[in-house]
Each structure stands twice: as C-alpha cells, then as structure tokens.
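Given next are the chains, with one letter for each unit.
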Amino acid sequence: MHFLVRNKYGGLLTEKEIGKEVIINGWVNKRRDHGGLIFLDIRDRSGIVQVVFDPGEKESFKLAQKVRSEYVLAVKGKVRKRPKGTQNPQLKTGNIEIEVKEMQVLNKSAALPFELGEADKVSEKLRLKYRFLDLRRKRMKGILELRHKVVKTVRGFLDENGFREIETPYLTKSTPEGARDFLVPSRLTPHTFYALPQSPQLFKQILMVCGFERYYQLARAFRDEDLRSDRQPEHTQIDIEMAFITEEDIIKLAQSLMLKTFEIIGVKASFEEMKYDEVIERYGSDKPDVRYDLKIFDVSKVFRNSEFKVFSQAVAKKGSIKGLKVEGGGQLSRSELDGIVDKAVELGAKGLLWLVKEDSLYKSPVAKFLSDEELKGLTKATSAKKGDLILLAAGDTKLNLDILGQLRPILAKQFNLIGEGFKFLTIIDFPLFIYDEEEKRLKSHHHPFALPKKGSIKLIEDEPLKVIAHAYDMVINGVEVGGGSLRIYDSVLQQRIFSALGISKKEADKKFGFLLEAFKYGAPPHGGIAFGLDRLVMLLSGSETIRDTIAFPKTQTGADLMTGAPDAISAKQLKELHLKTD
C-alpha cells in the first residue's frame, strides 16, 4: 500500500521547523477531543509530538474521530507554535504542534489488554505475554537504548585496546561440570547430541593457542538451571581473553572497561580490592553490597568460658560466635525482633540471639544468662551504644558466616541503610576448590581451568581446599557482574586438577581431549574475564530484574509467554531425531 512516508521524526521537531510542512509516521499515544478540535499525541522512536485536527479539514477530521490508542498513522501538516498557555514542558516538542492537512490510517489496533501508561500496575506475566506492547513504553525502550550504548561502548573500548571480535560455535560438545547443559539432538548422527554452550570457555582458550592473543565476543550462553531475578536460561556475556598477561593486567583492563561503561550514566568511581577470605569474614558473602557498613564481628573470645552453654560449647567445638550490629536497631518491637530470628532459621540457622543495648544493661531473652563481665566485653568488642541491636549466631563458623551474610541485605533494606550510587569491588584470591556437602566431593569454585597460584600447586593432592587460584570477581552493589581467572596452559597440571575433581584421564580425554591436545603445540600463558551484559544493564538502568533488560525474556519457569515456548513437537519431528517421549 502507498502511504505518506515520513520526512521528519516527530520527537525531533523544534521551533526551527515552524511554518514548514512535514510528514510524520507513528502510533497514537493519546487522543483528546476538545469539542471542535481533536488532538492526538503521535509517538515514534524519537519521542512524541502533538498534532491538531480542525473541522475545516473534513476528511482528516472525520478519520481522527475514529482513531484510538495505538493506531498507526501517517500525518502530513504544517508545524506551528502552540497557543500561549497550552505549552507542555514535559515534552521536548512541548512548544510546537502540527496542524494536520492530511492523514492516513496505516493500521488499526485492537482494544489493549492494559493501558501502556499503567503497565506497572498489571502483572509481569501479562506484560510478558504482550511483550510487543510492553516494549512500546518509554522506560522499556530507554533500557534497550541503554543496552545498545553499553554494547557500543564495550566494542569501542576493546577495539582501542587491540581486541578482535571472533564468534565461537553455539552447537558444541557437552562437558558437564557446573550447571546443566541444554542438549540438542542430532538428526544426521542418530543418538548423539550437541550442547548449547554455557560459555565459550574452551574455544576462547584455543583461540589463544591459535595466536590471536586478544579476543572478545558478545557471546550467548545457555544454562539449564533454576532461575532468579538475575538469571535467565539464555544470557549475553561480554567475553574477553588475553595471552601473555598477568592477573594484574586483566584486572586493570576489566576495571577500566567497567568504569568507562558507567560513564554512560555520568558515574565516576574507583574499585576497592579485597581478598576472598577477608570478604567472607567481613561480609559472609563473595558478592557483598558495600554501600552500607554492617560488618560481621567475632566475639568468640568474649564468651568462650561463658556459663551460657550455647556459647561456650560452640567455641569448644571449634565453632564461633559471630554477629551483626545495627545502629539504632533496638527500636523494633519484640515481635519484629523475633521475626528476624525466624528469618534466620528459614535461611538455615539453628538459631539467632538478639540483644538491645540500654544504658548499662542489655534487653534480651538471654541477658540473664550472661555475666556483667561478658556483657562489658560485648560492648567493648562491638562499640555498642544505647539503642543498638546486636544479633549473635553461635555454632559452625561457615554456617554462621553464611546466615549473617544472607541477613545483611535484608537488615539493610529493613533499616534503610542502603546508600545511593554505586560501589565497585574486585575480589581476588578465590579458592580453587570447594567441597560439596551434598555430593561429598570436591568441585571447582570457578571452573576446572583456573590456574592455581604457584605456592599452592604443591597442595593440590593433599590439601586441595587450601589451594588458591588466580581467580577474581567484580561486584557492583552486591551484584556479581563479572568473573575470570588466569588459565592452566600445561596439560600435565590440567590433568592433576581433573584428577583432584575425580575426573579420570580417560574421561578427561573424552570430554576435553581437543583442549589438552592443543596445549601440546605451544599454548601461551593466558587468562580472561566475562561480564554479564544483562546484569550490567540492570544496574545501569536501576531495574530490579534482568528481564527488563532483555527484549524477549523467559519467566522464572523458563517459559516464553509470548511465543508459548517451550512446546511439544510433532511425531514426525521426533521420528527424524530418533527420539521417543514417555
């Protein structure tokens, strides 16, 4: 169909165009009938401009009477200054309007399932089902525009630093060591499967062996895992790898990239750096929000000989007594204090004790079991003042730290302790291995390709949990936005790591043989880092979930409500793939 093709974007019109004839295309954002005149706000990618229909233009006026929200229009008219008193300072085009001479309805719209201006009042499920409407909103468009700027900035920064963008395969080999793989059956090779990559890890290491030295990719990654507000089954990561570099080189480059990215929203800052053990001891989490203080303290020495057996036995069993102090937190009612205890138990604690500092005493269900000397010691150790709330956890140290680390953000939100702005943290010296209590075996903290520090290599077989890796994470406001490591580039050392993880030489050759083979032909020292693009844009945009930063996201059950994926396939398709379903 022939239509009036725009020669101007409506949202970009200014007073310089007054008196000029223009053609705009767009959607009806709002319609107002003022008895004799009809006003439409027309929206396109650039913004909104008001158009006016006069009864004198009979054909256009008649059409305008039938127009409703989200109709698609082409409008031809003359730009004029708005009459005095009718200007709209909320719009960039608020001083002008278009006097319509001709209009075409390019497409109609059905009645909307929700008003775009009130989308925040409806359920997310409804918005995701009608994502094509949700993305018409100014905020959602703004987030995707911001995402574009981030990608442009990242590509520009890495290009200036000598990197080359290289794509790696989406259909690859399953090497399960971490999250579950998404599997794709092969039609041409019956009873075999591809896996969608959880990251381009092995390919980017091989690219270093190939001699590219500086690689990056805006890589799609797929993980079949339980979802949260900051996770999706498919996400985009800024994937970076470098050869002939040190850990400090990568960290410096990665920090510079992040700071450059935050300049997009006018933020200038710097990174604080801490070791993993220090972060865990201080915050109980390896991705702490350091915008608020609320550090974990240890008062095991104060209560190690206490007659209160919960405390003294915890220390005697090589556990600890750790806690948090909330300044002014003693204002809570007894039921609110008990609510914090209940929350700790819900998180996995065996219990939590609270004490409120008064003039020279403490109000607490356990205060009567504690001596004056012990309470004075508690006050000295925590610098508690009148009205402060102290929470204590006694028992296994690892559990104490984990529970208090989970309570920190909950308490910070409850007591309005979270400051504005951004705090950037680099965490170094991660352990190479962790012990999985459920599976009763060692696992990699990052992945099995992280390079152990030189002084730790001798501990791999006998004291693996003491092995420290050249591994690092970057955390912003309690969100892990990136992580990486130096890589193992020697096949013998790599096999030692596999063996510690219970991966036999035969199994390693089957899963990772192509990488080990590549190492035999001159692999350089190398390392890298990957940033979660979706999480990064979530922080930059002030969103609560990464779903807002992805054009077509999945729900927490992994469903695409707009398309209906995942869905059943036909019997013919199953037969071609040599599959049967129960």
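Please read these numbers as outputs of a predicted model, since none were measured by experiment.

Draft legend 1. Looking closely at the pairing of strand E1 (residues 21–33). Two strands pair when backbone bridges link them, and E1 and strand E4 (residues 72–81) are joined in this way by seven bridges, in the antiparallel orientation. Opposite Val-22, over in E4, you have Gly-77 as the bridge partner. Direction of pairing for E1 relative to strand E2 (residues 38–44): antiparallel, over a ladder of six bridges. Looking across to E2, one finds that Asp-33 is bridged to Ile-38. The loop that links E1 with its antiparallel partner E2 comprises four residues; one of these, Gly-35, has a positive phi angle of about 60°.

Draft legend 2. Just the layout of surface pockets, in detail. Approximately 1,100 Å³ is the volume attributed to the second largest pocket. Lining the second largest pocket we find 31 residues, and of these Arg-43, Gly-47, Ile-48, Arg-137 and Lys-138 sit closest to its centre. Counting only elements with at least two residues in the lining of the second largest pocket, the list comes to E1, E2, strand E3 (47–53) and helix H4 (138–160). With five residues, H4 is the largest single contributor of residues to the lining of the second largest pocket. By residue class, the composition of the lining of the second largest pocket is six nonpolar, nine polar and 16 charged.

Draft legend 3. Expanded view of the side chain of Lys-322. Looking at the secondary structure, you find Lys-322 in strand E13 (residues 320–326). A distance of 2.7 Å separates polar atoms of two side chains, one belonging to Lys-322 and the other to Asp-298. Not counting chain neighbours up to four residues away, the residues in contact with Lys-322 comprise Glu-281, Ile-296, Phe-297, Asp-298, Leu-391, Leu-392, Ala-393, Thr-397, Asn-400, Leu-401 and Leu-404.

Draft legend 4. The sheet that holds strand E5 (residues 96–107), seen in detail. Taken in spatial order, the five strands close into a barrel running E1-E2-E3-E5-E4, and their pairing is mixed. Going across the sheet, the axis of each strand differs from the next one's by a mean of 55°, ignoring polarity. Pairing between E3 and E5: two bridges, direction parallel. By the bridge assignment for E5, Val-51 is matched with Ile-98.

Here is what the cut-offs are and how they apply
- Residues numbered from 1 in each chain as written.
- Predicted model: local features only at pLDDT ≥ 70, side-chain atom pairs only at ≥ 80, totals over all residues.
- Heavy atoms only, no water.
- Pairing = 2+ DSSP bridges.
- Helix = DSSP H or I, 4+ residues; strand = E, 2+ residues; numbered from the N terminus.
- 1 Å grid on protein atoms, 1.4 Å probe; cavity = no way out; pocket = protein on both sides within 12 Å on 5 of 7 lines; lining within 4 Å.
- Points joined across faces, edges and corners; volume = space filled by probe spheres on them.
- Nonpolar A, V, L, I, M, F, W, Y, C, P; charged D, E, K, R; others polar.
- Polar contact = N/O pair within 3.5 Å; in protein donor to acceptor, adjacent residues only side chain to side chain.
- Contact = heavy atoms within 4.5 Å.
- Axes fitted to C-alpha atoms, helices over the stretch in contact; angles between N-to-C directions.

Such coordinate-based values are descriptive only and should not be taken to indicate function.
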